[in-house]
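# Structural features, examined
Single-letter residue listing:
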Amino acid sequence: MVLTASSVTAADLQNVYQMPLNSHIEFLEDPSTNRDLSSVRHRDDWQQQGEGAFNQGYSDSAWWLRFTLTNDADTGIERLLSLEYPVLGDVQVHVVSDRNDRQFHQLGHNYPYNQRPVDHRFFVIPLEWQPGETLSVYMRVRSQTSVQVPATLWERDTFRSHDMTANILQGIYFGAFLVIAVYNLLLYFALGERNYLYYVGFVMSMALLMASLTGYGFRHLWPGATVWNDQAILVFISGILGFAGLFIRRFLELSRISVMLDRLALAFVVVSAVCVVLAFYLSYFTLIAVLIPLVVAGCIFAFLGGIYAWGQGQATAKYFVMAWTFILAGGSILALSKGGVLPSNFFTDHAAQLGSMIEVVLLSFALAQRINVERQLRYQAQSETLETARRLNRELEERVQERTQELEKLNEKLNELSVTDELTGLRNRRFLDQQLEQEVGRAWRSGSSLAVAMLDIDHFKPVNDTYGHQVGDACLRMVGEILRGSLRSPSDTGARYGGEEFALILPDTDCEEALAVVERVRARIHATRVESDGVVLELTLSAGVTAHPVNESVTPDQFLVEADEALYRAKETGRNRVCAYGDQAQS
């Protein structure tokens, strides 16, 4: 089996609950679109993907992507593979094990939603690989939409937590659009002003387009309508263009201030209506190549038309210009991202949503400022709609608070796990580095002394080699228990530095005090027997200590280097002893 150059190992996943796979992916273009897995696995022209998400823009080719998962740990690993671009048409995922097991998943929005292995708007595949097992994951992607494959490995609980937050935010987004649409629809019925109706059509087209692009539409609205998936994007883009043209003509009163601008706006309306019809006959790839330039041109036209109307003395045009600035920026960024000009990332993927949200809010304000007739009816309809909005916001706030509390508790647990060594119960290397940096800074500000000790179990490798890792783990747990019991106060820190090596941080401690603490640890370990699997062992420990005041030139790494040098001398001079760094006192 051919393995990719950038294999993901268990060590890569240790304490990592969300791992983008961009730099681990290799890709291969298949212009003929007829190659199968057996014909691409052993090719030598695979290319390495960079740090950004895989993005080829609009392409007729099929694209193969691959990466390898190697479990060199002692336990099985479970992860979720998430492909976070929900409008890919055809996605085939082959999971090939070096134990001759194979899995195949046919995904994509050209296939019914109910055949997905995980009920989610993204393409999510559960992966599990046993100790010593290697999985090679091959993905074949072909789509009339932009070919983007942002791939991430998730720990299951982290994925659920992240997804819960994303759903809440998306719920707020779509809920706001719905409230604005209902509000303006009520105003239309109350006032009879057609501009409100055009605006409702624009807002709903925008919301449905975002539902299509984010996968919520396929999941909740039309899970079985696979053909409609591509058509929906084209129809809603055309709807945005058409309703925007109608709205702009009436709001800016183009027929009064400029016949040419009025005719251009009408031309956008006519072209959008034609595109709605063509969406059911032309391919997505053909029509999107027409619509994207039209949308960009329409945004620029609306922006310039608003500036012109503002210059003609139309007071509310300034709000229109402000609103269209955001949609112009967001829409252009989205279009350039889907075309492969800009990289696909969180900002480019959500720029249109953010811009559209600000834009519809500002346009709502502009409309409210523009219409000043029939005040009593307007006030009544507005009061009813605002009450509905307040109720929805209260419900959303309550849900957000509940979810926030749940997330805070989960994050506290995850944070504790992320800084704790599971075997010994001590802090891990990550926490040690952070704590040492903080203590060095505190000691420098207070002018106090700081002590650091490095401790290493003597002749530990033969223990593992002779008696096995279970006995070795028992030895490590014993040392961890003694270290925890030897800490003098909450400010002292004991950590597993790696393997059989440990470290202590002792604030406000000089060399003599530090040597006494570490000597007690050494003596207790020497006097304690380890019993495991019928084996009784006596351990010894060597340690190095450094302690001195901190000035601005002292770094955390300097303490570690000095303590390590003292540890090395303890090993060199016979082991089972504690040595101090340099000219400091020795024990």
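Residues numbered from 1 in each chain as written. Predicted model: local features only at pLDDT ≥ 70, side-chain atom pairs only at ≥ 80, totals over all residues. Heavy atoms only, no water.

This part takes up the overall build of the chain. Along the backbone of the chain there are 17 helices and 20 strands. A buried classification covers 52% of the 587 residues belonging to the chain. Expressed as a percentage of contacts within the chain between residues at least 6 apart in sequence, the contacts between residues at least 24 apart total 74%. Only carbon and sulfur atoms are counted for the fraction: they give 54% of the accessible area of the chain, which is about 27,300 Å². (Helix = DSSP H or I, 4+ residues; strand = E, 2+ residues; numbered from the N terminus. Buried < 20%, exposed > 50% of the residue type's maximum accessible area, 1.4 Å probe, protein only. Contact = heavy atoms within 4.5 Å. Areas by Shrake-Rupley, 256 points an atom, 1.4 Å probe, with all protein chains shown as cover.)

Every α-helical turn comprises 3.6 residues, leaving residues that sit three or four positions apart pointing alike. Looking at helix 14 (residues 460-467), one finds that the buried residues are F460, V463 and N464. Along the long axis of helix 14, the arc covered by the buried residues comes to 95°, so they all point the same way. The exposed set on the far side of helix 14, more than 90 degrees from its buried face, consists of K461, D465 and T466. The secondary structure elements touched by the buried residues of helix 14 are strand 14 (449-457), helix 15 (469-486) and strand 18 (535-538). In the stretch just after helix 14, G468 is the one whose phi turns positive, near 100°. (Arc of directions from axis to C-beta.)

Glancing now at the packing of helix 6 (residues 226-251) against helix 9 (residues 284-311). Look at helix 6 against helix 9: their axes get within 10 Å of each other, and the N-to-C directions meet at 25°. In terms of orientation, helix 6 lies roughly parallel with respect to helix 9. Every pair of crossing elements has a handedness; the one defined by helix 6 and helix 9 is left-handed. Residues D230, I233, L234, I237, S238, L241 and I248 of helix 6 lie in contact with helix 9, whose contacting residues are Y284, L287, I288, L291, L294, V295, G298, F301 and A302. (Axes fitted to C-alpha atoms, helices over the stretch in contact; angles between N-to-C directions. Parallel < 35°, antiparallel > 145°, perpendicular 65-115°, else oblique. Left-handed = near helix turned anticlockwise from the far one by under 90°.)

Another aspect to go through is empty space enclosed by the protein. As enumerated under the stated definition, the model contains two cavities of 30 Å³ or more in all. Surrounding the second largest cavity, P86, V87, H109, S212, G215, F218, N229 and I233 form its lining. Among the residues making up the lining of the second largest cavity, the classes are represented as four nonpolar, four polar and no charged. (1 Å grid on protein atoms, 1.4 Å probe; cavity = no way out; pocket = protein on both sides within 12 Å on 5 of 7 lines; lining within 4 Å. Points joined across faces, edges and corners; volume = space filled by probe spheres on them. Nonpolar A, V, L, I, M, F, W, Y, C, P; charged D, E, K, R; others polar.)

Turning our eyes to something else, we now look at the pairing of strand 14. Most of strand 14 is tucked away: nine of the nine residues are buried. Of the two faces of strand 14, the one holding S449, A451, A453, L455 and I457 and the one holding L450, V452, M454 and D456 are both buried throughout. In the sheet, strand 14 pairs with strand 19 (residues 541-549) via nine bridges, with the strands oriented antiparallel. In the strand pairing of strand 19, M454 is matched with G544. (Pairing = 2+ DSSP bridges.)

As for its placement among the helices and strands, L185 is situated in helix 3 (residues 156-191). Accessibility expressed as a relative area gives 29% for L185, which makes it partly exposed. Along the backbone, L185 and Y196 are 11 residues apart, and their C-alpha atoms lie at a distance of 6.5 Å. Excluding residues that lie within four positions of it along the chain, L185 makes contacts with L197 and V200.

Next up on the list: the sheet that holds strand 19. A sheet is described by the order of its strands in space; here five strands give the open sequence 15-16-14-19-20, paired in mixed fashion. Where the open sheet ends on each side, the last strands, each with one partner, are strand 15 (493-498) and strand 20 (578-580). Strand-to-strand, the axes of this sheet are offset by a mean angle of 20°, without reference to chain direction. Note: strand 15 against strand 16 (residues 501-507), five bridges, orientation antiparallel. What sits directly across from R496, in strand 16, is F502. Of the strands in this sheet, strand 14, strand 15, strand 16 and strand 19 are in contact with helix 15, which crosses strand 16 at around 5°.

The next point concerns the nonpolar core. In terms of nonpolar packing, the biggest core is built from 97 residues, with L81 and F202 touching the most fellow members. Those residues in contact with L81, other than ones at most four positions away along the chain, are L21, F67, F123, V124, I125, L127, V137, M139, A151, T152 and L153. One finds I457, M478, L483 and F502 within the second-largest nonpolar core, a separate group that totals 35 residues. (Core = buried A, V, L, I, M, F, W, Y, C linked by side-chain atoms within 4.5 Å.)

Structurally, T152 is set in strand 13 (residues 151-154). Residue T152 is classed as buried on the basis of its relative accessible area of 6%. Side-chain polar atoms of T152 contact the side chain of E84, separated by 3.3 Å. Setting aside residues no more than four positions away along its own chain, T152 makes contact with Q18, M19, P20, L21, L80, L81, S82 and E84. (Polar contact = N/O pair within 3.5 Å; in protein donor to acceptor, adjacent residues only side chain to side chain.)

Let's shift gears to the environment of A547. Mapped onto the secondary structure, A547 falls in strand 19. The spacing of A547 and L450 is 97 residues in sequence and 5.5 Å in space, taken between C-alpha atoms.

We now examine the pairing of strand 10 (residues 123-129). Most of strand 10 is tucked away, with five of its seven residues classed as buried. Here strand 7 (residues 77-83) runs beside strand 10; their pairing, made up of seven bridges, is antiparallel. Pairing of E78 across the sheet is with E128, part of strand 10.

This part is about the sheet that holds strand 2 (residues 18-20). Across the sheet, four strands lie side by side as 2-13-7-10; this open sheet has antiparallel pairing. Edge strands, defined here as strands with exactly one partner in the open sheet, are strand 2 and strand 10. Taken over all neighbouring pairs, the strand axes of this sheet differ in orientation by 25° on average, direction set aside. Here strand 7 runs beside strand 13; their pairing, made up of four bridges, is antiparallel. Bridge pairing in strand 13 places L83 opposite A151.

On to a nonpolar patch on the surface. On the surface, L178, V182, L186 and F189 cluster together to form a nonpolar patch covering roughly 370 Å² of accessible area. Overall, F189 belongs to the exposed group, its relative accessible area being 61%. (Patch = residues over 30% accessible without salt bridge, like charges linked within 9 Å, V, L, I, M, F, W, Y side chains within 5 Å. Salt bridge = Lys/Arg side-chain N within 4 Å of Asp/Glu carboxyl O.)

By themselves, these are just geometric observations and shouldn't be taken as functional.
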